[in-house]
Protein chains: 2
Amino acid sequence: MVDKSVATRAQIVTAADRLFYQHGFEHTSFTAIAEAVRISRGNFYYYFKTKDEILAAVIEERLAATREMLRRWEASDPAGRIRSFIRIVVTNGPDIQRYGCPVGTLTTELAKVEHPSRPAAVALFTLFREWLAEQFTALGRGADADALALHVLALSQGIATLSHAFGDDDFVRREVASLETWLATVIDRPEGNRCSSFC
Amino acid sequence: MVDKSVATRAQIVTAADRLFYQHGFEHTSFTAIAEAVRISRGNFYYYFKTKDEILAAVIEERLAATREMLRRWEASDPAGRIRSFIRIVVTNGPDIQRYGCPVGTLTTELAKVEHPSRPAAVALFTLFREWLAEQFTALGRGADADALALHVLALSQGIATLSHAFGDDDFVRREVASLETWLATVIDRPEGNRCSSFC
DNA sequence: GTCTATAAGGAGATAGAC
DNA sequence: GTCTATCTCCTTATAGAC
């Protein structure tokens, strides 16, 4: 039955997505995924021949979900879109505090084990990077849009990593507030009049 | 022979340190460490009863090495010390591009697998955090020294993560230059006159 | 202190019945 | 489509000779 097949496959991807995020790719076993979906390990291989295939499907799923999120954010103006991004670390605060950034932690893990899907994971970063650069360009900062995008991305990554390590809510809120203030000054100020390259 | 025992043990810790950094703790097997030190797997257990014991020794070693590095930096004035920290991502640029930040990647991995040594790894972060806060206090920013320390730590983490993901040298240099400029303004400026909470 | 041999368990992956 | 049974490989860890 095609419908059932599609549904079970989607359940596997959803469960694997969550477990890879919470416990890491390598640390998540077939047994753990099978138990989460409530199917046998054998049935598993009807849908995915290898563990790497599941990972590829999970990354595809995350790419699609991220594109959909960015699409929803386009309801705001460019400055509001960037603020939506900046606020992720607050919006998803509890998850990030427990498990870190889903993009950063996956990319790092796959790099350490030299996994073939590493470039696909980096593409998640690239998606945010290019989308942020577009917003800065729309705000009249086309000349250094990519640099500004990377700056926002880097600080968000750092906030996520330290939130994960220290579990300090105040720190996250403080950094996000500061980054939003920075954003406001970056947008309004002409290029020659800044306190630093990014300000 | 005690001397030999000490030397072999140190070699194991050094090799494990490097391999844990390059390939991750879980992905590094006893076999890999034993081959690196050129001893048999059996001999291995004469020095360490479990893999977790090696990890604990590696973290202790990293803590000691970090304290020693911070001690050397004390030859500079407080502002110079903070600049030494900021420049790590350039000084260790190639390693960080390949393997990420040794502190951040280890802490994240241990959290995902809920490893008992996770708090010890976080202590590495705390060491930098408190040392940075001391320097900001010495610069007359005692009121928000910890917040400033966390800010520098967070941005450095983010730079390391993106350097690892994208392998972009220019980005790293740009961010470090910007952070150094920021540092100069933060030190000189009275508390009321800033373009953002940190500037 | 160092070695070889081996135990015990878990992983990914396969075969074939239903 | 789903299952049980099984295979193979690799891991950590142990026992005991030298």
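Being a predicted model, the structure only gives us computed values, none of them experimental.

**So, the UniProt feature "domain: HTH tetR-type" (unreviewed entry) in chain A**
Then comes step 1: With numbering matched to this structure, UniProt assigns "domain: HTH tetR-type" (unreviewed entry) to residues 6-66 of chain A.
Then comes step 2: The distance separating the terminal C-alpha atoms of residues 6-66 of chain A is 21 Å; by composition the span is 80% helix and 0% strand.

**Quick notes on empty space enclosed by the protein**
Then comes step 1: All told, the structure shown has 4 cavities of 30 Å³ or more when counted by the stated rule.
Then comes step 2: Here the largest cavity is characterised by a volume of approximately 400 Å³.
Then comes step 3: Every residue lining the largest cavity is counted, 32 residues in all, and those nearest its centre are Thr105, Thr108 and Glu109 of chain A together with Thr105 and Thr108 of chain B.
Then comes step 4: Secondary-structure elements contributing two or more residues to the lining of the largest cavity are helix H8 (102-112) and helix H10 (145-166) of chain A together with helix H8 (102-112) and helix H10 (145-166) of chain B.
Then comes step 5: Within the lining of the largest cavity, the residues separate by chemical class into 6 nonpolar, 20 polar and 6 charged.

**Notes on the relation of the copies chain B and chain A**
The two chain copies are related to each other by a rotation about an axis together with a translation along it.
Then comes step 1: In screw terms, the move from chain B to chain A is a rotation of 180° and a rise of 0.0 Å along the axis, fitting with an RMSD of 0.0 Å. Such a combination of rotation and displacement between the chain copies is what one expects of a two-fold axis. In terms of C-alpha distance to the rotation axis, chain B has Gly158 of chain B as its closest residue, with the C-alpha 2.0 Å off the axis.

**What about the protein's contact with DNA strand C?**
Then comes step 1: As a structural note, the neighbourhood of DNA strand C is formed by 16 residues, with Phe30 and Tyr45 of chain A together with Ser5, Ser40 and Tyr47 of chain B the closest of them.
Then comes step 2: By atom count, sugar and phosphate contribute 67% of the portion of DNA strand C lying within 4 Å of the protein.
Then comes step 3: Among the elements of the structure, helix H1 (2-23) and helix H3 (41-47) of chain B are those that each provide at least two residues to the surface near DNA strand C.
Then comes step 4: The element that contributes the greatest number of residues to the surface near DNA strand C is H3 of chain B, accounting for 4 residues.
Then comes step 5: Residue composition of the surface near DNA strand C, grouped by class: 6 nonpolar, 8 polar and 2 charged.

**Considerations on the UniProt feature "DNA-binding region" (unreviewed entry) in chain A**
Then comes step 1: Per the UniProt annotation, the sites labelled "DNA-binding region" (unreviewed entry) are residues 29-48 of chain A.
Then comes step 2: As a span, residues 29-48 of chain A carries 75% helix and 0% strand, and end to end its C-alpha atoms are 14 Å apart.

Rules behind the numbers
Residues numbered from 1 in each chain as written. Chains lettered and ligands numbered in written order. Predicted model: local features only at pLDDT ≥ 70, side-chain atom pairs only at ≥ 80, totals over all residues. Heavy atoms only, no water. UniProt positions renumbered as here; feature names shortened; annotations may be inferred. Helix = DSSP H or I, 4+ residues; strand = E, 2+ residues; numbered from the N terminus. 1 Å grid on protein atoms, 1.4 Å probe; cavity = no way out; pocket = protein on both sides within 12 Å on 5 of 7 lines; lining within 4 Å. Points joined across faces, edges and corners; volume = space filled by probe spheres on them. Nonpolar A, V, L, I, M, F, W, Y, C, P; charged D, E, K, R; others polar. Least-squares fit on C-alpha atoms with pLDDT ≥ 70 in both. Near = heavy atom within 4 Å.

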